[in-house]
Amino acid sequence: MKTINKLVLALFLFGTFLVKADDEVPPVPGGGGTGGVGPGAAASPIDMYVYLLSVVAIALIIFYTKKLKSVKA
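This text gives an overview of the structure that appears in the document. Just so we're clear, the structure is a prediction, and the values are computed from it rather than from any experiment.

Our focus in this paragraph is the overall build of the protein. A count of helices and strands for the protein gives two helices and zero strands. Out of the 73 residues belonging to the protein, those deemed buried represent 1%. In the form shown here, the protein has an accessible surface area of approximately 6,700 Å², with 72% of it arising from carbon and sulfur atoms.

Residues M48, Y49, L52, L53, V56, L60, F63 and Y64 make up a contiguous nonpolar surface patch of roughly 840 Å² in combined accessible area. Positionally, M48 belongs in the loop between α1 (2-21) and α2 (50-72).

Further remarks concern the packing of aromatic side chains. Considering all chains together, one arrives at one aromatic pair under this definition. Geometrically, the ring pair formed by F63 and Y64 is edge-to-face, given 5.0 Å between the ring centres and 75° between the ring planes. Classification of F63 by relative accessible area gives partly exposed; the value is 46%.

Let's shift gears to the environment of G15. Relative to the elements of secondary structure, G15 occurs in helix α1. When its relative accessible area of 27% is taken as the criterion, G15 is described as partly exposed. Sequence separation of G15 and S54 is 39 residues, and the distance between their C-alpha atoms is 9.8 Å.

Conventions and cut-offs
- Residues numbered from 1 in each chain as written.
- Predicted model: local features only at pLDDT ≥ 70, side-chain atom pairs only at ≥ 80, totals over all residues.
- Heavy atoms only, no water.
- Helix = DSSP H or I, 4+ residues; strand = E, 2+ residues; numbered from the N terminus.
- Buried < 20%, exposed > 50% of the residue type's maximum accessible area, 1.4 Å probe, protein only.
- Areas by Shrake-Rupley, 256 points an atom, 1.4 Å probe, with all protein chains shown as cover.
- Patch = residues over 30% accessible without salt bridge, like charges linked within 9 Å, V, L, I, M, F, W, Y side chains within 5 Å.
- Salt bridge = Lys/Arg side-chain N within 4 Å of Asp/Glu carboxyl O.
- Phe/Tyr/Trp six-rings, centres within 6.5 Å; stacked < 30°, edge-to-face > 60°.

Dropping the structure here:
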């Protein structure tokens, strides 16, 4: 049960940092041009898959935690 508590705490902290990371976006330089990717935003194709990557990471953590428990037992 202690492993689950640590996992929940780690996920909570990760979620907090994930939300906080979006707070401090630097201002768009230049005279308001749109550039090649839209309204002055930087291109970050990984943004489309953040939720999918989070689910896969949680699934892998659970899988390897259970696998490690079964090997120790």
